[in-house]
Amino acid sequence: MNAATISGPRPSFTRLVRRALQLHCPHCGGRKIFASFFELKQRCPTCGIRLERGESDYFVGAYLFNLIAVELILFLSVCGFVYVTWPDPPWNLITYVTAFLMLSGCVLCYPFAKTTWLAVDLAIRPLSPEELDVPR
């Protein structure tokens, strides 16, 4: 990558988020950016951008985003289930299923939260030349 790549047209916010939700690099759409289920590679294998763009606590926002997204999805699901089963909702079933879904949802949605957080950060803070320099 060179400086011309940075000065070229930036992907739109919609494109960044769409790529992130597909677990691709938000910047270029490249695949295989995860070293494991919970860990991003240091750089995108396709475009070479540094995937952890900030300090060691960079992904605290992703954790918060993950928690808010899972809780919102869970809240809407429970409200819909109570509405459908009203006037006699199965409260015990709702309690246990909700607890299971909350815990599993936080784990399963974690990679999506990381890539989406990266997409939002790329939309707010443009790339700098040193973020594209691939060490030799």
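Visitor: How should a nonpolar patch on the surface be read in this particular structure?
Guide: On the surface, a nonpolar cluster with roughly 460 Å² of combined accessible area is contributed by Phe 81, Leu 93, Val 97, Phe 100 and Leu 101. Among the elements that line the nonpolar patch, the one with the most residues is helix 4 (residues 91-108), at four residues. By relative accessible area, which is 38% here, Val 97 ends up partly exposed.

Visitor: Please explain the pattern of salt bridges as it appears in this structure.
Guide: For side chains of opposite charge, pairing can occur when their charged atoms come near one another. Tallied over the entire structure, the rule returns two salt bridges. Across the pair Arg 53 and Asp 121 runs a salt bridge, and its minimum N-O distance is 3.0 Å. With Arg 53 in the loop between helix 2 (13-21) and helix 3 (60-85) and Asp 121 in helix 5 (residues 110-124), the pair connects residues that are 68 residues apart, well separated along the chain. The exposure class assigned to Arg 53 is buried, which follows from its relative accessible area of 4%. For Asp 121, a relative accessible area of 11% gives the class buried. One salt bridge connects Arg 125 with Asp 121, and the closest N-O pair in it is separated by 2.7 Å. Residue classification places Arg 125 among the partly exposed residues on the basis of a relative accessible area of 36%. Linked by salt bridges that have partners in common, Arg 53, Asp 121 and Arg 125 make up one network.

Calculation criteria
- Residues numbered from 1 in each chain as written.
- Predicted model: local features only at pLDDT ≥ 70, side-chain atom pairs only at ≥ 80, totals over all residues.
- Heavy atoms only, no water.
- Patch = residues over 30% accessible without salt bridge, like charges linked within 9 Å, V, L, I, M, F, W, Y side chains within 5 Å.
- Areas by Shrake-Rupley, 256 points an atom, 1.4 Å probe, with all protein chains shown as cover.
- Salt bridge = Lys/Arg side-chain N within 4 Å of Asp/Glu carboxyl O.
- Helix = DSSP H or I, 4+ residues; strand = E, 2+ residues; numbered from the N terminus.
- Buried < 20%, exposed > 50% of the residue type's maximum accessible area, 1.4 Å probe, protein only.

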